[in-house]
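# Structure at a glance
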Amino acid sequence: MANLELINLNKTYTPKVIPVKDISIDVEEGEFLTLLGPSGCGKSTLLRLIAGLEPPTRGKVVINGRDVSRVGPGKRNIAMVFQSYALYPHMTVADNIAAGLKLRKMPSDEIRRRVDDVAQKLGLQSLMDRKPGQMSGGQRQRVALARALVRQPDVFLLDEPLSNLDALLREQVRADLKQLFEKQQAPVVYVTHDQTEAMTLSSKVAVLYDGNLQQLAPPQEIYTRPANQFVAGFVGSPQMNLLTLSCQGNQAVLGEFRIPMPNLPTPPSQVVLGIRPEDVHLATPEDRVTVQGRIFLVENLGMQNLISVMVKGSEVRIRALLPAHQAWEGEEVSLSMSPQAIHWFDVQTGDRIQNHSSEQTPQSLGLPSIENGSIPSQRQLT
Ligand SMILES: Nc1ncnc2c1ncn2[C@@H]1O[C@H](COP(=O)(O)OP(=O)(O)OP(=O)(O)O)[C@@H](O)[C@H]1O
């Protein structure tokens, strides 16, 4: 059973530069872990600690039950793919792919069998005699992947492997990667700051910020139940609306409107309300939580418009993703926000302050319930 364990890993460069702070993560056989976070959050440092390119200041890296924290990179049986491809420029594709196996003195017929197999998987057969300088970026990246796959390592490490490719090619290679690694048993650790890659490729995502693990969960959970305000704001495009609002009892004050909050033992004086633009809609009479305002900006995204609305009686702006041609600049609109789609965060710590709102019922929100088909009073407006 292939697995990778990171146990209380720390890396300190200077007292002020601590890019990895007490990180513990398990990656099991067949799992694809993505390290996601903004530039400088410590993703590459963590990957280098796993690869053995740097020693940890504290903590352990364990591969298949063996503590490799003090074992050199060549002896960890890890394959790494870099953003820069790191191919040998004077060698052909075939020799680049085979280089690691030759170093390990593998019999030549076994090398040929493995190289042919991986070249076929990655569609490289017609390029085997070319040198890296005679190929496109996408082709070079496929050779770099082939070189990693052919080794059949215990762990795959990939450091932003798609970041040198243009947008279209990125999409294609991303899809190839997904198919390729679905068939691999060895754990994969993939570094990116691109949330689309993280969401589409991973079985679990570790969101990092300032060396700290913010959340470790499957991509869907990261999206639907962000653990804190940082994760909520970092994952999702367009970005989640994050509004710091004052509270009156169990209601958040949004301009002229009151938004019911979950019942808290001690209602705070302020709270952060989060709602994704795709969860804000034009209101219908049945909607319970609505706000009104004027549209001051419409951004055309093709199929949809991203509209920015200034909420009546406030300077607060809410963005909503609406079908194109549903709203125009200067127009007054009524927007609905389903209570189930609202996230609440502690204004001091940024932590999520409720379980998922799907646990909320109209009653728990202090709203009238629908009985005998009757529609409750339309809005929670004051
Ligand atoms: N060898 C080093 N000596 C001192 N500081 C370093 C060293 N390597 C990295 N750092 C610092 O550690 C922090 C984390 O760097 P790291 O490269 O791990 O971030 P990252 O999340 O991978 O960023 P990016 O996405 O920009 O590559 C940064 O502040 C960086 O300047």
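As a reminder, the structure under discussion sits directly above these lines.
Below: a short report on this structure. Predicted, not measured: the structure shown is a model, and the values here were computed from it.

Now for the packing of helix α2 (residues 93-103) against helix α4 (residues 137-149). Running from N to C, α2 and α4 point in directions that differ by 30°, and their axes come no closer than 8 Å. When the axis of α2 is compared with that of α4, the two are roughly parallel. Between α2 and α4 lies a crossing of right-handed hand. Contacts from Val 93, Asn 96, Ile 97 and Gly 100 in α2 reach Val 143, Ala 146 and Arg 147 in α4. Looking at the contact of α2 with α4 residue by residue, the class counts come to four nonpolar, two polar and one charged.

Looking now at α2. Taken together, the buried positions of α2 are occupied by Val 93, Ala 94, Asn 96, Ile 97, Ala 98 and Leu 101. Buried residues along α2 sit against α3 (108-121) and α4. Just downstream of α2, Lys 105 is the residue with a positive phi angle, here 60°.

Let us look at the packing of α2 against α3. Viewed as axis vectors pointing N to C, α2 and α3 meet at an angle of 135°, and their least axial separation amounts to 10 Å. With respect to each other, α2 and α3 are oriented oblique. The two elements α2 and α3 meet at a crossing, and its hand is right-handed. Within the contact between the two elements, α2 uses Ala 94, Ile 97, Ala 98, Leu 101 and Lys 102 and α3 uses Ile 111, Arg 114, Val 115, Val 118 and Ala 119.

Taken across its nine residues, helix α1 (residues 43-51) has seven buried, putting it largely inside the fold. Where α1 is concerned, the buried positions are Lys 43, Thr 45, Leu 46, Leu 47, Arg 48, Leu 49 and Ile 50. In the segment just after α1, Gly 52 is the residue with positive phi, at about 90°.

What follows concerns the site of the ligand. Lining the immediate environment of the ligand, one finds Tyr 13, Val 17, Pro 19, Gly 37, Ser 39, Gly 40, Cys 41, Gly 42, Lys 43, Ser 44, Thr 45 and His 193. Across the shell around the ligand, the residue classes tally to four nonpolar, seven polar and one charged.

With that settled, consider the environment of Lys 16. Tracing the chain through its elements places Lys 16 in the loop between β1 (4-11) and β2 (20-27). Taking the number of C-beta atoms within 10 Å as the measure of exposure, Lys 16 has 6 and is therefore exposed. It is 44 Å that separates the C-alpha atoms of Lys 16 and Asp 95, two residues lying 79 residues apart in sequence.

Judged by how many residues are buried, strand β7 (residues 155-159) sits mostly within the fold: five of five residues are covered. As paired elements, strand β6 (residues 78-81) and β7 share four bridges and run parallel to each other. Its bridge partner lying in β7, Met 80 is registered against Leu 157. Alignment of β7 against strand β8 (residues 188-192), held across four bridges, turns out to be parallel. Counterpart to Leu 157 in the pairing with β8 is Val 189. Crossover handedness for the path β7 to helix α5 (residues 167-182) to β8: right-handed.

Criteria and cut-off values
- Residues numbered from 1 in each chain as written.
- Predicted model: local features only at pLDDT ≥ 70, side-chain atom pairs only at ≥ 80, totals over all residues.
- Axes fitted to C-alpha atoms, helices over the stretch in contact; angles between N-to-C directions.
- Helix = DSSP H or I, 4+ residues; strand = E, 2+ residues; numbered from the N terminus.
- Parallel < 35°, antiparallel > 145°, perpendicular 65-115°, else oblique.
- Left-handed = near helix turned anticlockwise from the far one by under 90°.
- Contact = placed C-beta atoms within 7 Å.
- Nonpolar A, V, L, I, M, F, W, Y, C, P; charged D, E, K, R; others polar.
- Buried ≥ 20, exposed ≤ 12 C-beta atoms within 10 Å, placed from the backbone.
- Near = placed C-beta within 6 Å.
- Pairing = 2+ DSSP bridges.
- Right-handed = clockwise from strand over helix to strand, strands pointing away.

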